[in-house]
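Next come the chains, spelled out residue by residue.
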Amino acid sequence: GLTEVSTANPVQAALASAGSFCSGAILPLVIALFTPNHWLIPVLATTTLIGLAVLGWFSAKLGGAHPVRPMIRIIIWGAIALLVTGFIGRMIGAAV
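The structure presented is a predicted model; accordingly, all values stated were derived computationally and were not measured.

Asks: Before we go on, may I ask you to explain the overall build of the protein in this structure?
Replies: For the protein, the helix and strand inventory stands at four helices and zero strands. Order of helices (α) and strands (β) in the protein, N terminus to C terminus: α-α-α-α. Here the C-alpha atoms of the protein give a radius of gyration of 17 Å, more than 25% beyond the 12 Å that 2.2 N^0.38 yields for 96 residues. C-alpha extents for the protein along the principal axes are approximately 55 × 30 × 25 Å. The buried share among the 96 residues of the protein stands at 12%. Restricting to contacts in the protein with at least 6 residues of sequence separation, those with at least 24 account for 23%. Total accessible area on the protein is roughly 7800 Å²; 75% of this is exposed by carbon and sulfur atoms.

Now the structure itself:
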């Protein structure tokens, strides 16, 4: 935790966040580059949810927890995030 000796380092936090976002983007980017356009959305959504499940399992193991509940939780919230962003994109007519 934070103490008088150990304080928050915003630059370190920013670099850790940037590294996390970049490493998290590798799987979807590779999938998008090598998937035919007519299969892109279902394949990208499926592999993203699989990747999230693996990360949920890994984080549970690191934290010493049973992995099933964290995996289910991250899959559900990931699916909700995919659906909401897809819906918003469809509503405003944007495709990224």
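Asks: What's the story with the side chain of T35 in this structure? I'm lost.
Replies: Mapped onto the fold, T35 is located in the loop between helix 2 (26–34) and helix 3 (40–63). At a separation of 2.6 Å, a polar atom in the side chain of T35 contacts the main-chain carbonyl oxygen of I31. With near-sequence residues (within four places) excluded, T35 lies in contact with L40 and V43.

Asks: Can you help me understand a nonpolar patch on the surface in this one?
Replies: Nonpolar side chains collect at one region of the surface, where V68, I72, I76, W77, I80, V84, F87, I88, M91 and I92 lie side by side and expose about 1000 Å² of accessible area between them. With respect to the helices and strands, the residue I88 is situated in helix 4 (residues 68–92). For I88, a relative accessible area of 43% puts it in the partly exposed group.

Asks: Honestly, helix 4 in this entry has me stumped. Any pointers?
Replies: Since the α-helix packs 3.6 residues into each turn, any two residues three or four apart lie on the same face. Compared with the 36 Å implied by 1.5 Å per residue over 25 residues, the 36 Å span of helix 4 between its first and last C-alpha is a close match. What helix 4 keeps buried is the set P70, G78 and G89. At the C-terminal side of helix 4, G93 shows a positive phi close to 75°.

Basis of the calculations
Residues numbered from 1 in each chain as written. Predicted model: local features only at pLDDT ≥ 70, side-chain atom pairs only at ≥ 80, totals over all residues. Heavy atoms only, no water. Helix = DSSP H or I, 4+ residues; strand = E, 2+ residues; numbered from the N terminus. Rg over C-alpha atoms; globule rule 2.2 N^0.38 Å. Buried < 20%, exposed > 50% of the residue type's maximum accessible area, 1.4 Å probe, protein only. Contact = heavy atoms within 4.5 Å. Areas by Shrake-Rupley, 256 points an atom, 1.4 Å probe, with all protein chains shown as cover. Polar contact = N/O pair within 3.5 Å; in protein donor to acceptor, adjacent residues only side chain to side chain. Patch = residues over 30% accessible without salt bridge, like charges linked within 9 Å, V, L, I, M, F, W, Y side chains within 5 Å. Salt bridge = Lys/Arg side-chain N within 4 Å of Asp/Glu carboxyl O. Expected span 1.5 Å × (residues − 1).

Worth remembering: the numbers are spatial, not functional.
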